[in-house]
Amino acid sequence: MWLAAAAPSLARRLLFLGPPPPPLLLLSRSSRRRRLHSLGLTAMPEKRPFERLPADVSPINYSLCLKPDLLDFTFEGKLEAAAQVRQATNQIVMNCADIDIITASYVPEGDEEIHATGFNYQNEDEKVTLSFPSTLQPGTGTLKIDFVGELNDKMKGFYRSKYTTPSGEVRYAAVTQFEATDARRAFPCWDEPAIKATFDISLVVPKDRVALSNMNVIDRKPYPDDENVVEVKFARTPVMSTYLVAFVVGEYDFVETRSKDGVCVRVYTPVGKAEQGKFALEVAAKTLPFYKDYFNVPYPLPKIDLIAIADFAAGAMENWGLVTYRETALLIDPKNSCSSSRQWVALVVGHELAHQWFGNLVTMEWWTHLWLNEGFASWIEYLCVDHCFPEYDIWTQFVSADYTRAQELDALDNSHPIEVSVGHPSEVDEIFDAISYSKGASVIRMLHDYIGDKDFKRGMNMYLTKFQQKNAATEDLWESLESASGKPIAAMMNTWTKQMGFPLIYVEAEQVEDDRLLKLSQRKFCASGPYVGEDCPQWMVPITISTSEDPNHAKLKILMDKPEMNVVLKNVKPDQWVKLNLGTVGFYRTQYSSAMLESLLPGIRDLSLPPVDRLGLQNDLFSLARAGIISTVEVLKVMEAFVNEPNYTVWSDLSCNLGILSTLLSHTDFYEEIQEFVKDVFSPIGERLGWDPKPGEGHLDALLRGLVLGKLGKAGHKATLEEARRRFKDHVEGKQTLSADLRSPVYLTVLKHGDGTTLDIMLKLHKQADMQEEKNRIERVLGATLSPELIQKVLTFALSEEVRPQDTVSVIGGVAGGSKQGRKAAWKFIKDNWEELYNRYQGGFLISRLIKLSVEGFAVDKMAGEVKAFFESHPAPSAERTIQQCCENILLNAAWLKRDAESIQQYLLQRKASPPQREP
């Protein structure tokens, strides 16, 4: 499943992932913990009591027929499950939620039918116990259940999705989203990933609708009672988990092709938009053979469908053979889609198709191992996109989109290990976060680099072959990779998956004749400052070291398996720099001695450091400043050295960090000064790029232009603002349509510096937009508006029928991230409308995202208490960890402000008095 709310290259800009340190800073670690504890921000919620299903009866095959009613929003179901009774019992316990069972019986093979005499629903645990008047003896038999359910509007289980036909009529499709624990809302089942079975699915649907499921159609016949209805029967699936079952009933067009391995690939789109499925089709057709070759295991189904669903909570879902997507994660309009949207579609397709092997063919044994599914797919999607689109420089983007994002979250006291013990279903949604996905992907990238591609591929093949159609745990993967590489994989990786956090490596150097002696030490990196305490965790850290002699290759690779180490680099001249973590692959931060750092900084200015190393160096320094280990002013000085920077991703990361700093300083009276700094840093690159693409430019130039113009426009750069207004006027009047890549920065600029008329024009453009991507583009920038009345208008719009339910979150989040007054207004709006918002998103991860986006920018201690108090009286169980992380970040922001605001202000004023000389 893919969760990002926006293209990964934009993810950190749009999912502001919050700042650090406190007056906690000078306290010992135990005192800091006490301070957080006094606010109730450290103890994780008590685990709810939970038992997995009993093992006395298990399914072999589900024969399932469903008849959805697309007008009344109900469905009827008939289940005949071939089951194995392992030990004598007079009851069967299954998962069941929001379903009414009408009749149930069990027919032992070769014996008489036994009717169930009671259905005891345990709603809290989402279970039902069927009681039988006599004992069911060991052996096989058939469990028959007739039931009814509701096509809900909660974007989970079997639900309804609203769409508009080309003629303007509103209709509904019936679609599914079962991961993690919602198959039980569509049919009674053993809804645990390790209880696998085969499925024979039939759908009874109006004859003018498309009906799809995991497998290919094998029969389509008129339904006896109604000539307008047909029964569509699908082939039997392989052995699989319930959360991967899917069915869709609606109106769609499609484009199709065959992969070079002969698999039928289709992309289903809204009616009239088949053309917009071609890009994803091309990516999917290249991706399937890439994975088949990489894993050396063929794709096991005869077909794969990718389908765009109008109302969809996640980004996409990897149902085996029928992958569902948000429209914006699948559809590309050659004229109206921007470069970041193409890239996002490529990554999401790569992610979901990787799951067809890693997750679907071999499935985690329990949700504790969810990270294995998601971390792996979040890593290999980049490998796949790099294969399909080498011009994207996607691995550099990985560092900005995933690696640094995971480190921000994992430095908090309220982070969690990659592997989290999960019990009750309500706990599962909590771990669909940047730790499972982005830290998971980052440690797999580090592991791949440590093992080498050849042995890694061999280990993956051993793992997939050994466990196909079965379930596996994290340890099983380590065993296969250890066996393929001969390296201590389990011992090393346990230090990364079973404890939270990551190390800060401190390094100092000494020249000894012709050699460089390095002294390395590791301590846990904390967002709240230096780790103080006796029980410091340790990691087994693969460390690479490069020098200015050959910046792109490691001079030495070591595995640091103790707190301190001395390393000798042979033949390093005194004038050569030395850098740790080549390629920013190791999941750690580095703090250099001041002499080592001084020698590295010219490599930023003259670009002799590779792009990903320039990015890593800047990001480490920024994080050290947030944690109070160095001064923020030092980082601002380093940022000025990026004046010659050509690389999009380096700018993207720099932009994100300046955005975090701007948000922090919006709480001061010198916010305008940081905007001046932003203009100074970004205007040289803005002038070099200009507004219009030049011959020979590519994907990354388009991304960079959008980023830089948006940054300058938002900061109020005069020439950018004037040109944005001119182009916007021409666009609205139909004289000259804005290119898709310029729309976000132009919309943002004119709104930020506009009035009520500008907002009305934007809302009109939103209403007229035929493409969801354009609607989302507008929704995400509406929060830039500054006047209190207009902010209220945007917030009201967020909950209107005009905005799809899953997109309300990004509108409110945009308001919170747009300005100080927006943040206050968004928080008040959430409190005032909590019942409606919570009811809409129930326990899903969208509620966590809403909370995070809305409150994490605050920087006053008392706000942490206010947020905590609100959620104590308005519980949101699946967001408890997120709430604690947000409160911790608010305290850290407040501490950062108290610590560094004065020195930042002095520096910015001093700069203003004697501006730095612009280089020619």
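Residues numbered from 1 in each chain as written. Predicted model: local features only at pLDDT ≥ 70, side-chain atom pairs only at ≥ 80, totals over all residues. Heavy atoms only, no water.

A look at the overall build of the protein
Within the protein, the regular secondary structure consists of 28 helices and 29 strands. Computed over its C-alpha atoms, the radius of gyration of the protein comes to 28 Å, within 12% of the 29 Å expected for a compact globule of 920 residues. Dimensions of the protein, computed from the C-alpha atoms along their principal axes, are close to 90 × 65 × 55 Å. Considering the protein as a whole, with its 920 residues, one finds that 64% of them fall into the buried category. (Helix = DSSP H or I, 4+ residues; strand = E, 2+ residues; numbered from the N terminus. Rg over C-alpha atoms; globule rule 2.2 N^0.38 Å. Buried < 20%, exposed > 50% of the residue type's maximum accessible area, 1.4 Å probe, protein only.)

Here's the deal with the UniProt feature "site: Transition state stabilizer" (unreviewed entry) in the protein
Under the UniProt annotation, the feature "site: Transition state stabilizer" (unreviewed entry) is placed at Y437. By the secondary structure assignment, Y437 is in helix α7 (residues 435-451). The exposure class assigned to Y437 is buried, which follows from its relative accessible area of 7%. From its side chain, Y437 meets the backbone oxygen of M1 in a polar contact 2.6 Å long. (UniProt positions renumbered as here; feature names shortened; annotations may be inferred. Polar contact = N/O pair within 3.5 Å; in protein donor to acceptor, adjacent residues only side chain to side chain.)

Here we look at the domain arrangement of the protein
We note that the domain assignment places domain 1 (53-250), domain 2 (251-364), domain 3 (365-498) and domain 4 (502-604) within the protein. Computed over C-alpha atoms only, the centres of domain 2 and domain 3 are separated by 22 Å. Each partner contributes to the interface: domain 2 provides 26 residues, whereas domain 3 provides 41 residues. Buried area between domain 2 and domain 3, summed over both chains or domains, comes out near 2,900 Å², and the portion from carbon and sulfur atoms is 69%. Among the residues domain 2 hides against domain 3, the three largest losses belong to Y294, F358 and M364. Together they make up 32% of the total. Across the contact surface, domain 2 and domain 3 share 0 salt bridges. Between domain 2 and domain 3 we count 12 residue pairs in polar contact (both at pLDDT 80 or more) in total. Split by residue class, the side of domain 2 that touches domain 3 holds 15 nonpolar, 8 polar and 3 charged. (Domains from an automatic or database assignment. Contact = heavy atoms within 4.5 Å. Buried area = accessible area lost by both parts, 1.4 Å probe. Salt bridge = Lys/Arg side-chain N within 4 Å of Asp/Glu carboxyl O. Nonpolar A, V, L, I, M, F, W, Y, C, P; charged D, E, K, R; others polar.)

Describing the UniProt feature "binding site: Zn(2+)" (unreviewed entry) in the protein
Here the UniProt feature "binding site: Zn(2+)" (unreviewed entry) sits at H351, H355 and E374. Across 24 residues, the annotated set stays spatially compact, with a maximum C-alpha separation of 8.6 Å. Turning to its location among the elements, H351 is positioned in helix α4 (residues 339-355). Relative accessible area serves as the criterion here: at 0%, H351 is assigned to the buried category. With respect to the helices and strands, H355 occurs in helix α4. Take H355: its relative accessible area is 0%, and that puts it in the buried class. Discounting residues that sit within four places of it in the chain, H355 has contacts with M1, E318, N360, N373, E374 and A377. A distance of 3.2 Å separates the side chain of H355 from the side chain of H351, its partner in a polar contact.

Focus: the side chain of S848
In this structure, S848 sits in helix α26 (residues 845-855). Apart from residues lying up to four places away in sequence, S848 is in contact with S878, A879 and T882.

Here's the deal with unusual backbone geometry
Here E179 and A180 are connected by a cis peptide whose omega angle stands at 10°. Despite not being glycine, E513 shows a phi value in the positive range, around 55°. In this structure, L607 is a non-glycine residue whose phi angle is positive, near 65°. With respect to the helices and strands, L607 occurs in the loop between α12 (602-605) and α13 (611-626). What makes L607 partly exposed here is its relative accessible area of 31%.

Considerations on the sheet that holds strand β26 (residues 556-560)
Strand order in the open sheet made by the 3 strands is β26-β25-β28, with antiparallel pairing throughout. The sheet terminates laterally at β26 and β28 (578-580), the two strands that pair on one side only. Ignoring strand direction, the axes of neighbouring strands in this sheet form an average angle of 25°. As defined by bridge partners, strand β25 (residues 541-547) adjoins β28 across 3 bridges and the pair is classed as antiparallel. Its bridge partner being in β28, I545 is matched across the sheet by L580. (Pairing = 2+ DSSP bridges. Axes fitted to C-alpha atoms, helices over the stretch in contact; angles between N-to-C directions.)

So, the pattern of salt bridges
Evaluated as defined, the whole model comprises 62 salt bridges. Measuring nitrogen to oxygen at the nearest pair gives 3.7 Å for the salt bridge that ties R52 to E192. A residue pair is termed long-range when its members are at least 10 positions apart, and R52 in the loop between α2 (29-38) and β1 (57-69) and E192 in the loop between β10 (170-177) and β11 (198-206) qualify at 140 residues. The partner of R236 in a salt bridge is D200, with the nearest N and O atoms 2.7 Å apart.

Brief notes about the packing of helix α20 (residues 756-768) against helix α22 (residues 788-798)
One way to put it is that α20 packs onto α22 with a least axis distance of 11 Å and a crossing angle of 15°. Judged by the angle between their axes, α20 and α22 are roughly parallel. In this structure, the crossing between α20 and α22 has a hand that is right-handed. Contact residues: α20 offers G756, L759, D760, L763 and H766, while α22 offers L790, K793, V794 and F797. Here the residues of the contact of α20 with α22 are counted per class, giving 5 nonpolar, 2 polar and 2 charged. (Parallel < 35°, antiparallel > 145°, perpendicular 65-115°, else oblique. Left-handed = near helix turned anticlockwise from the far one by under 90°.)

Concerning the environment of S599
Residue position: S599 is located in helix α11 (residues 594-600). Judged by relative accessible area, S599 falls into the partly exposed class, the value being 32%. With 36 residues separating them along the chain, S599 and V635 place their C-alpha atoms 16 Å apart.

Some words on the pairing of β11
The buried count for β11 comes to 8 of 9 residues, which makes it a mostly enclosed element. Relative to β11, β1 is paired through 6 bridges, and the arrangement is parallel. Looking at the pairing, C65 lines up with S202 of β11. Bridge count between β11 and strand β14 (residues 226-234): 5 bridges; the pairing is antiparallel. Bridging across to β14, V204 finds its partner in E231.

Structural notes on the sheet that holds strand β29 (residues 589-592)
The mixed open sheet is built from 4 strands, whose spatial order is β27-β24-β23-β29. The open sheet has two free edges, formed respectively by β27 (564-569) and β29, since each of these has just one partner strand. Across the sheet, the axes of successive neighbouring strands diverge by a mean angle of 25°, strand direction being ignored. As paired elements, strand β23 (residues 503-512) and β29 share 4 bridges and run parallel to each other.

Description of helix α18 (residues 718-732)
The terminal C-alpha atoms of α18, which comprises 15 residues, lie 21 Å apart, in line with the 21 Å expected from a rise of 1.5 Å per residue. Burial in α18 covers these residues: T720, L721, E723, A724, R727, F728, D730 and H731. Those residues of α18 that are buried are in contact with α17 (699-714), α19 (740-752) and α20. Positive phi appears at G734, one or two residues downstream of α18, with a value of about 80°. (Expected span 1.5 Å × (residues − 1).)

Notes on the packing of aromatic side chains
Summed over all chains, the structure comprises 46 aromatic pairs. Relative to Y747, the ring of F728 lies with its centre 6.2 Å away and its plane at 80°, an arrangement referred to as edge-to-face. In this pair, F728 is assigned in helix α18 and Y747 in helix α19, connecting sequence segments 19 residues apart. Classification of F728 as buried rests on a relative accessible area of 6%. (Phe/Tyr/Trp six-rings, centres within 6.5 Å; stacked < 30°, edge-to-face > 60°.)

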